[in-house]
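Reading the structure
Next come the chains, spelled out residue by residue.
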2 protein chains.
Amino acid sequence: MQLSAPRRGRPGYDRDEVLRVAVQLFNEQGYDATSVADLAQRLGLTKSALYHHFDSKEQLLQIALETALSELEAALRDAVARDEPASTQLTEVIRGAVRVLTSEQPSVTLLLRLRGNSPVELAALERRRRFDQRVTALVRAAQDEGLIRADVDAGVATRLIFGMINSLVEWYRPDGKVDPALLADDVLAMALEGLRPR
Amino acid sequence: MQLSAPRRGRPGYDRDEVLRVAVQLFNEQGYDATSVADLAQRLGLTKSALYHHFDSKEQLLQIALETALSELEAALRDAVARDEPASTQLTEVIRGAVRVLTSEQPSVTLLLRLRGNSPVELAALERRRRFDQRVTALVRAAQDEGLIRADVDAGVATRLIFGMINSLVEWYRPDGKVDPALLADDVLAMALEGLRPR
DNA sequence: GTCTATAGAATGATAGAC
DNA sequence: GTCTATCATTCTATAGAC
């Protein structure tokens, strides 16, 4: 079974490679601050060559956001699929979110910086909001089970936990020095046990 | 003592009011996605009238960033001024940072979203980096004193703590329902004791 | 010849500055 | 309002691998 069709035509970038470089540049400079000319220059192409691969600048954004959101939603689905206590599901969601943020860091970074300036961005923000709501419900259930203190608001607790997790896109570097699974352990330890020695 | 000079000439915005609206709009849409025409429309002015108050769009950004950075640096200075253990200084820095993020939320929000696309942005990012380094040194000293577990990297711990704190700009709303000082208690409790009941 | 990646030139719209 | 620069985008055509 062949994994990729044999290359026809002159050699050059394919769609995936263009997308990868585009998302990286969007994250370096910001989506709005990055012009199609910037991207063409980074790739060593002309703008018109880029438009052969994609319909619009926004389409590049849309595809990247779809990747980020579908991976996060899959992690949530996997965590709640098995018949386990909400506390276990919550810890699995946290591990899954850390895994997605490290493995799909570029596209998730784009997602976390959206301002809602277009229908595409608004739709992505709405999907992200629904994800947050489902996690908040898990935190609430985990409070009922006693894993999480009941004297903190579930919404505040969720936001603080994901404040830690989401900050990963700002400083995590996939250079192999930090195992993402161990990083998830650190996040869970800090969220549940705190940083003070016991 | 009069707090504001009597208004002369036609009524209108003064420099501070223009700045306030500008920073708010920058945060709604993103700095790069906001045009001077957008800002003029929001204020009900022409672009020319705006340029009477300011030299450039970037000057508005620069002033806001100066506010955010000087307040954060002042909070750090206050925390380390008194002759107390590093552990105490660290908790005071955290309280101060939460106070600044809530009281100066608009300008700090701008600071946290910078990408370094101009010399002004690069200089601000460099000042922010120095702030982070000084806090990391405090965390390291607090580890030596036993407030913070020694088995987590000081840099990782600092980043996770400020991941929580910085997330405030995304969801805190100064509507009076949440006292910032109590919010700082929540952040400190989660960072030090964790969310699991003891 | 056919398919794909690429270029050059030009479009209309909008940017920041004054 | 006006200016010049730059924006995203499109049209038409070519270069190179099959």
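Remember, predicted model here, so these are calculated numbers, not experimental data. (Residues numbered from 1 in each chain as written. Chains lettered and ligands numbered in written order. Predicted model: local features only at pLDDT ≥ 70, side-chain atom pairs only at ≥ 80, totals over all residues. Heavy atoms only, no water.)

Moving on: the interface of chain A and chain B. Frequently, the measure chosen for interface size is the accessible area that the parts lose on association. Counting from both sides, the interface comprises 35 residues of chain A and, opposite them, 35 residues of chain B. Summed over both sides, the interface between chain A and chain B buries roughly 3,500 Å², with carbon and sulfur atoms accounting for 60% of that surface. For the chain A face of the interface with chain B, the top three residues by lost area are Leu160, Leu195 and Arg196 of chain A, together amounting to 21%. Along the contact surface separating chain A from chain B lie 2 salt bridges. With its nearest N and O atoms 2.7 Å apart, the salt bridge here joins Glu193 of chain B to Arg196 of chain A. Every element with two or more residues in the side of chain A that touches chain B is listed here: α1 (15-29), α8 (154-166), α9 (168-171) and α10 (180-192) of chain A. Here the element with the most residues in the side of chain A that touches chain B is α8 of chain A; it accounts for 7 residues. Taken together, the residues of the side of chain A that touches chain B break down into 17 nonpolar, 8 polar and 10 charged. (Contact = heavy atoms within 4.5 Å. Buried area = accessible area lost by both parts, 1.4 Å probe. Salt bridge = Lys/Arg side-chain N within 4 Å of Asp/Glu carboxyl O. Helix = DSSP H or I, 4+ residues; strand = E, 2+ residues; numbered from the N terminus. Nonpolar A, V, L, I, M, F, W, Y, C, P; charged D, E, K, R; others polar.)

So, on to the packing of α1 of chain A against helix α4 (residues 57-81) of chain A. All names here are of chain A. Between α1 and α4, the least distance of the axes is 10 Å, while the angle of their chain directions is 90°. Here α4 runs roughly perpendicular to α1, going by the angle between their axes. Along the contact surface, α1 presents Arg15, Leu19, Ala22, Val23 and Phe26, while α4 presents Lys57, Gln59, Leu60, Leu61, Ile63 and Ala64. Partitioning the contact of α1 with α4 into residue classes produces 8 nonpolar, 1 polar and 2 charged. (Axes fitted to C-alpha atoms, helices over the stretch in contact; angles between N-to-C directions. Parallel < 35°, antiparallel > 145°, perpendicular 65-115°, else oblique.)

A word on the relation of the copies chain A and chain B. For the match of chain A to chain B, the screw axis carries a shift of 0.0 Å, the RMSD comes to 0.1 Å, and the turn is 180°. On this basis, the relationship between the two copies can be described by a two-fold rotation axis. Judged by C-alpha distance, Gly194 of chain A is the residue of chain A that lies nearest the rotation axis, at 1.8 Å. When the interface residues of chain A are mapped onto chain B, 100% of them again fall at the interface, so both copies present the same face. (Least-squares fit on C-alpha atoms with pLDDT ≥ 70 in both.)

All names here are of chain A. With respect to the helices and strands, Val178 occurs in the loop between α9 and α10. Classification of Val178 by relative accessible area gives partly exposed; the value is 38%. Setting aside chain neighbours within four positions, we find Val178 in contact with Tyr172 and Leu183. (Buried < 20%, exposed > 50% of the residue type's maximum accessible area, 1.4 Å probe, protein only.)

Residue and element names in this part refer to chain A. Two numbers describe how helix α5 (residues 86-103) lies on α8: the axes approach to 10 Å, and their chain directions differ by 30°. The angle between α5 and α8 falls in the class roughly parallel. The chirality of how α5 crosses α8 is right-handed. Counting all contacts with α5, which are made through Ile94, Ala97, Val98 and Leu101, the residues of α8 involved are Ile161, Phe162, Ile165 and Asn166. Here the contact of α5 with α8 is composed, by residue class, of 7 nonpolar, 1 polar and no charged. (Left-handed = near helix turned anticlockwise from the far one by under 90°.)

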